[in-house]
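Structural overview for review
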Protein chains: 2
Amino acid sequence: MVNIAVLGYGTVGSGVVEVINTNHESINKRAGQEINIKYVLDLRDFPGDPVQEVLVHDYEIIANDPEVDIVVEVMGGIEPAYTFVKRALEAGKSVCTSNKALVAKHGPELMEIAKEKNINFLFEASCGGGIPIIRALNGSLTADEVDEITGILNGTTNYMMYKMATEGSDFDVVLKEAQQKGYAEADPTADVEGYDACRKIAILSSLAYGKFLNYEDVYTEGITKITPEDMLYAEELGMTIKLLGTSRKLGEDTFTALVAPFLVGQKSPLYSVNDVFNAVFVHGNMLGDAMFYGSGAGKLPTASAVVADVVDEAKNLHENIATNWSNEPMKLTPMDETEGRFFVRVKGVTEAQAEAAFGKLQIVKVASLPDEFGFITECMKQKEYKEKISKLNGEVIAMIRVKD
Amino acid sequence: MVNIAVLGYGTVGSGVVEVINTNHESINKRAGQEINIKYVLDLRDFPGDPVQEVLVHDYEIIANDPEVDIVVEVMGGIEPAYTFVKRALEAGKSVCTSNKALVAKHGPELMEIAKEKNINFLFEASCGGGIPIIRALNGSLTADEVDEITGILNGTTNYMMYKMATEGSDFDVVLKEAQQKGYAEADPTADVEGYDACRKIAILSSLAYGKFLNYEDVYTEGITKITPEDMLYAEELGMTIKLLGTSRKLGEDTFTALVAPFLVGQKSPLYSVNDVFNAVFVHGNMLGDAMFYGSGAGKLPTASAVVADVVDEAKNLHENIATNWSNEPMKLTPMDETEGRFFVRVKGVTEAQAEAAFGKLQIVKVASLPDEFGFITECMKQKEYKEKISKLNGEVIAMIRVKD
């Protein structure tokens, strides 16, 4: 029997209990032994809920119980999650977590302790909810060198972009709708400003390329400036706009990473990832294109990924599962030196003037916006784009990157 | 050092050698030791190719060499692959294969020997080429009970369906095109009749549900009857036609499985899987919807999956990796008892007559086909559909199942 303690009985925590109870037979079979929930930690009481029997309010009870093999941290936030997780690992208990903020900030230290103690610190649910993307990077794509990861990593913003694209609504309208449906929180900053996606692409990149990417180094732009007019251009181009977290390995020690809205064409499998779904596109040097798609959030999908980690940890109780993770810092190419194509909406200039500045352009016009036009540049460094756009005398209404 | 022998230096075999040579550093790191290609077996010689140094023509050399730890079978076909693989396993050598025909036919016996000998028989590349779907079923979705698998499992037919849908061409025209591009073989039967997809859905279902599905029990219908006119109806419905292999677990011991062309709507993530790409949709009772997408065939993607198996076997040289596989036979619900919605094209009857037979229908008309119309039935058992359609006095031009 493997004893686990679940820290936090919120959405994910209650989901973990539900998954283990519902599928206990198949889960125990796969784990090779019975998974027993010995404790659930929460400050609140839940009278009438069977969880009350194993509920404790004091972490000391868990930390000091040598029978607890695995600690499941699903509280969220940095503190007290960090302190609790660190203590558990130092006490030789494996930990799994859905907490992207914790992994993005303290991953290197916690991975190090787990390695030293020959136990495991797993975090499948921290990126892409139920999508088994971390396991794919760690254990499936082992014959490949991954050179690109591009993900729709935030369900809230994907829902909003989808609604803006299909219904022509304003940002504020779809945000309110997302809040009413429970997809967006009262304070939507972490989602709409891209902070959530930023932590996720930092974690995925660290696993894929074998160097630690600090999320604070990742240029991050949210979706707050995207307008229904931008969506009209996207439609005219046969494209759509998505918030992407993306990173590339361009050479042995050359990496780029950013989070931003991108124009995505129909040839990309990410184009048709709609609603609250998430997807992670991976390019391997042998495998070519692959994509993993599923529910990026939600109680049971997230809990399903957490419990899959519990199963792995139960199967490897005193053996550190090898991953590609390393604590050596990843150095990113400065944004101005990164290359891409840029979609620009301008006013007060002519097409000829734009082409004089940029060379041959793909021009696009929207009938309902007669006072302006849009164009897509060739592939160029961001600094080159900035130089050229500064020479145009008109007004730049919007600039959105293009995903190739 | 782990010594491997590659059986067959055709497309996949040469891909395996290329993957191991190209990514040797990262592969060795992940395997925890050096992967050494000690032999390549082929009847032919390859003068000038470095493989010539390790080339042998006689399987006895490999079978009798105790230094060979892993045999990589990428010859295809049942014989001599079956005899070679069985001998290797009996000699205590782990085997990995890309050979779906072998796994679908002899999987139970070969899995059994591997288990007895405490070695491994892995076949990631046998379904979906480079897509790590088997690893996902075995090792990632361990908290879930999978209740549906639906895949676009054959790249050749997906290419053909895509071309017919987008270009309005005839079956024969796109088949010739696929042959010219090297996507379809001179004898395209295994692809276009659905036999290839049938073996793959049988293997995936066996892994997902923990009982062995004999591919010979799976009702299989190919794409040879699909016409440009069917595609016009699909377009009118905002759908497309795909060859799907699909299976469901409907109760503790109730399973359905079939291979057939299906009308697929835009809400399905399978709708936008185009060209030669493959994708496998999985529904878990906790995870909900997930999809795995990638190259279903091709030299390097397939070889990438084979080599990932080699890495796993090298890491677990004398330990059988637990899977959900069991040799207990899966019993399928007879096709007449399975439920679904049916799209039908009819001639010589009125809409009123059709609705008299079927009840309320979704009627669809194509302007360029004025002498006929189409309808989609409610969900019903196949035998009920057959009874009702036999009462209609007109001509049934086509029937295609609808994917819900």
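My aim in this report is to walk through the structure given alongside it, one point at a time. Everything quoted here is computed from the prediction, not taken from an experiment.

What follows is about the pairing of strand β2 (residues 35-41) of chain B. Residues and elements named next belong to chain B. Of all seven residues in β2, five are buried, a share of seventy percent or more. Pairing of strand β1 (residues 2-7) with β2, which is carried by six bridges, proceeds in the parallel orientation. Within β2, the residue paired with Val 6 across the bridge is Val 40. Summarising the sheet, β2 and strand β3 (residues 55-56) pair through two bridges and their orientation is parallel.

A separate point is the environment of Gln 362 of chain B. Residue and element names in this part refer to chain B. Tracing the sequence through the fold places Gln 362 in strand β14 (residues 362-364). Expressed as a C-alpha distance, the spacing of Gln 362 and Gly 245, which sit 117 residues apart in the sequence, is 25 Å. With residues up to four places along the chain from it excluded, the contact list for Gln 362 reads Leu 237, Arg 341, Gly 374, Phe 375 and Ile 376.

Pairing between side chains becomes possible if they bear opposite charge and their charged atoms approach one another. According to the stated counting rule, one finds 54 salt bridges over all chains in the structure shown. The closest approach of N and O atoms between Lys 86 of chain A and Glu 109 of chain A, which form a salt bridge, is 2.8 Å. In this pair, Lys 86 of chain A is assigned in helix α4 (residues 81-90) and Glu 109 of chain A in helix α5 (residues 100-116), connecting sequence segments 23 residues apart. Between Glu 355 of chain B and Lys 360 of chain B there is a salt bridge, with the nearest N and O atoms lying 3.8 Å from each other. Through salt bridges with shared partners, one network takes in Glu 124, Arg 135, Asp 309 and Asp 312 of chain A.

Let us look at unusual backbone geometry. Cis geometry marks the peptide bond from Glu 79 of chain A to Pro 80 of chain A, where omega comes out at 5°. Residue placement: Pro 80 of chain A occurs in the loop between β4 (68-73) and α4. Of note in the backbone geometry, Asn 118 of chain B takes a positive phi value of approximately 55° without being a glycine. Tracing the backbone shows Asn 118 of chain B in the loop between α5 (100-116) and β6 (121-122). Positive phi outside glycine occurs at Asp 275 of chain B, with the angle close to 60°. If you trace the backbone, Asp 275 of chain B turns up in the loop between β10 (254-265) and β11 (277-284).

Mapping chain A onto chain B is achieved by rotating through 180° and translating by 0.0 Å along the same axis, at an RMSD of 0.0 Å. Expressed as an axis order, the relation between the two copies is that of a two-fold axis. Of the C-alpha atoms belonging to chain A, the one lying closest to the rotation axis is found on Phe 292 of chain A, 2.4 Å away. With an isologous cut-off of 70% or more, the 100% of interface residues of chain A that recur at the interface of chain B puts this contact in the isologous class.

Another aspect to go through is the packing of helix α6 (residues 133-140) of chain B against helix α10 (residues 195-209) of chain B. Residues and elements named next belong to chain B. Two elements in contact, α6 and α10, have axes separated by 9 Å at closest approach and are oriented at 10°. With respect to α10, the axis of α6 lies roughly parallel. On α10, the residues touching Ile 133, Ile 134, Leu 137 and Asn 138 of α6 are Leu 204, Leu 207 and Ala 208. Looking at the contact of α6 with α10 residue by residue, the class counts come to six nonpolar, one polar and no charged.

Each α-helix winds once per 3.6 residues, and so residues spaced three or four apart point in a common direction. Residues and elements named next belong to chain B. Every buried residue belonging to helix α2 (residues 24-31) is among Ser 26, Ile 27, Asn 28, Arg 30 and Ala 31, and all of these are buried. Along its buried surface, α2 packs onto α1 (11-22), β2 and α12 (299-315). In the stretch just after α2, Gly 32 is the one whose phi turns positive, near 80°.

This part is about the packing of aromatic side chains. Under the defined criterion, the tally for this structure stands at 27 aromatic pairs over all chains. Centre to centre, the rings of Phe 212 of chain A and Trp 325 of chain A are 5.7 Å apart; their planes meet at 45°, and the pair counts as tilted. Taken together, the residues span a long stretch of sequence, with Phe 212 of chain A in the loop between α10 (195-209) and β8 (219-220) and Trp 325 of chain A in the loop between α12 (299-315) and β13 (339-347) at a distance of 113 residues. Using a relative accessible area of 12% as the deciding quantity, one classes Phe 212 of chain A as buried. For Trp 325 of chain A, a relative accessible area of 7% corresponds to the buried category. Ring centres of Tyr 233 of chain B and Phe 343 of chain B lie 5.5 Å apart, and the angle between their planes is 55°; this geometry places the pair in the tilted category. In this pair, Tyr 233 of chain B sits in helix α11 (residues 228-236) while Phe 343 of chain B sits in strand β13 (residues 339-347), placing the two residues 110 residues apart along the sequence. Here Tyr 233 of chain B falls in the buried class, since its relative accessible area comes to 0%. Grouping aromatic residues by their ring pairs yields a cluster made of Phe 342, Phe 358, Phe 373, Phe 375 and Tyr 385 of chain A.

Time to look at the sheet that holds β1 of chain B. Read from one edge of the open sheet, six strands run β3-β2-β1-β4-β5-β6 (chain B), paired in parallel fashion. Both outer strands of the open sheet, β3 and β6 of chain B, are each paired with one neighbouring strand and no more.

Calculation criteria
Residues numbered from 1 in each chain as written. Chains lettered and ligands numbered in written order. Predicted model: local features only at pLDDT ≥ 70, side-chain atom pairs only at ≥ 80, totals over all residues. Heavy atoms only, no water. Buried < 20%, exposed > 50% of the residue type's maximum accessible area, 1.4 Å probe, protein only. Helix = DSSP H or I, 4+ residues; strand = E, 2+ residues; numbered from the N terminus. Pairing = 2+ DSSP bridges. Contact = heavy atoms within 4.5 Å. Salt bridge = Lys/Arg side-chain N within 4 Å of Asp/Glu carboxyl O. Least-squares fit on C-alpha atoms with pLDDT ≥ 70 in both. Axes fitted to C-alpha atoms, helices over the stretch in contact; angles between N-to-C directions. Parallel < 35°, antiparallel > 145°, perpendicular 65-115°, else oblique. Nonpolar A, V, L, I, M, F, W, Y, C, P; charged D, E, K, R; others polar. Phe/Tyr/Trp six-rings, centres within 6.5 Å; stacked < 30°, edge-to-face > 60°.

By themselves these figures say nothing about function.
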